[in-house]
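A look at the structure
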Amino acid sequence: MRKLDRYILGHHVAAFGFFALIFTGVIWLTQAVRLIDTVVASGQGARTFLEFSGLVLPQVFVIVLPLSAIGASLYALNRLYSDSELVVMMSSGLGPTALLRPVLMFSSLIAVLMALVLMVAVPIASTALADRTNAIRSDLAASLIVERQFIHPLEGLTLFIADTSQTGEMAGIFLDDRRDENQAVTYTAERALFLREEDEARLVMVDGVALTAGSGGGLNSVRFDQFVFDLSELLQKDNDRTPRPAEYPVPQLLNPTAEMLDTRYDPGDYISEGHYKLSLPLLTMIYPVIALMTFLAGGYRRSGFGRRVVVAVVVCVLIQVVLFAAEARVVEKPARWPLMYLPQALGLIYVAALMLWLEKGSGSRRRVAA
């Protein structure tokens, strides 16, 4: 029996590795687009992009692990059933309870992994990513002085610099300010310097022209020897950042302090996040069991097991939707936190009902045989 447990568990683990690799690549690509925008807009290089990619991986794993768990279980069970291996096991007297043991071992491993990601990796990576992003945005000179690239430090503001020197002087400046559509101004200058002092930042342009739209559809141009453009709006203080609920450990989320509540987040935001980190590993543990019970409930069919795969996926999706709905209710009213464990209860009821039905059917068949 131990060897048989290892055999079934091995099928699940191998399939999990495959699905985790595929889902991680797909979901990471969706995050990479946003990361590329942040890195390019701030004038950073490939090293910063790789650093950000590593810090965003824990959030990717939160999505990947449940998907990979249900996908691996469905694939492994479908293969064992299609090769008639499960049929032979059950014909030799192996009941649903015995088959549940290796699947439960697999789901427990995934649940522990999910708990570590949510409670350890996500807070650390989220804090590091937010601090790193804030530091890059605060480094105004590094984000603005970028050669031969159109950057957009603010919505409606476009800057292009043709050349820079080691002394910090810039040449070939193009600055388009359309933050106010009724007073759009385009500046071009031969040279420019960036100056910053405490909470003030200035772009000093030398030998340039300011262009505005005229009333008759033409252009009004004003030449200047020196013009100072205020960039203080771009400055961000490091202390201004408010930590998100995902950055806190579970004990603090369940009992938010006065300092945590003196922010833009409400008590429901913290409490819902805390119970989400506790409930999601439990829910991830139930998904492979749902797949097993759904497969066993239909018996062996030569025509295939596509319908059972669809049923298992639909059940898991509905349970996950219930979790999201419950989380939204807890955000509104923290006293509703027990709702966060309703999806787990529904999943256990589904599994228990199928287990009783299977045990009852096995007992009837044994009595008929006797």
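The text that follows walks through the structure, step by step, so that each part is easy to find. Here the structure is a predicted model, which is why all the values come from computation and not from measurement. Sequence positions are assigned chain by chain, starting from 1 and proceeding in written order. Totals for whole chains, interfaces and linings use every residue, but because this is a predicted model, local features are given only for residues with pLDDT of at least 70 and side-chain atom pairs only at 80 or more, for both listing and counting. Water and hydrogen atoms play no part in the side-chain values, which are based on all heavy atoms of the structure.

Quick look at the overall build of the chain
Only DSSP runs of H or I reaching four residues or more are called helices, and only runs of E reaching two or more are called strands; each is numbered from the N terminus. Summing up its helical and strand segments, the chain has ten helices and six strands in all. For every residue, the accessible area (1.4 Å probe, protein chains only) is compared with the maximum for its type, and the residue is labelled buried under 20%, exposed over 50%, or partly exposed between those bounds. Here the chain holds 370 residues, and the buried ones make up 42% of them. A sequence separation of at least 24 residues applies to 62% of the contacts in the chain between residues at least 6 apart. Values of accessible area rely on a 1.4 Å probe in the Shrake-Rupley scheme; residue burial ignores everything except the protein chains shown. Summed over all atoms, the accessible surface of the chain reaches about 20,100 Å², with 60% contributed by carbon and sulfur. Contact criterion: two residues are considered in contact whenever any of their non-hydrogen atoms come within 4.5 Å of each other.

Some thoughts on the pattern of salt bridges
Two side chains of opposite charge can pair, provided their charged atoms sit close to one another. Salt bridges are counted wherever a side-chain nitrogen of Lys or Arg sits within 4 Å of a carboxyl oxygen of Asp or Glu. Across all of its chains, the model carries six salt bridges by this definition. Across the salt bridge formed by R178 and D176, the nearest N and O atoms sit 2.8 Å from each other. Overall, the relative accessible area of 39% leaves R178 in the partly exposed class. For R336, the salt bridge is made with E332, and the minimal N-O distance between the two is 3.6 Å. With relative accessibility at 32%, the residue R336 sits in the partly exposed group.

Points about the side chain of S126
Relative to the helices and strands, S126 is located in helix α4 (residues 96-138). Classification of S126 as buried rests on a relative accessible area of 5%. In protein, a polar contact means a hydrogen-donor-capable atom and an acceptor-capable atom, both N or O and within 3.5 Å, with residues adjacent in sequence counting only if both atoms are side-chain atoms; elsewhere, any N or O pair within 3.5 Å suffices. A distance of 3.4 Å separates polar atoms of two side chains, one belonging to S126 and the other to Q59. What S126 contacts, discounting residues up to four positions off in sequence, is Q59, R244 and E247.

Observations concerning the pairing of strand β1 (residues 151-154)
What makes two strands pair is DSSP finding at least two bridges between them. The pairing of β1 with strand β2 (residues 157-164) spans two bridges and is classified as antiparallel. The residue of β2 that forms the bridge with L154 is L157. The loop that links β1 with its antiparallel partner β2 comprises two residues; one of these, G156, has a positive phi angle of about 90°.

Some thoughts on helix α9 (residues 306-332)
Owing to its 3.6 residues per turn, the α-helix brings residues three or four apart onto one side. Expected helix span is computed as 1.5 Å times (number of residues minus one). Here α9 contains 27 residues, and its C-alpha end-to-end distance of 40 Å stays within 8% of the 39 Å for a straight helix at 1.5 Å per residue. Three or more residues of α9 are buried, namely R308, A312, V315, C316, I319, Q320, L323, A326, E327 and V330.

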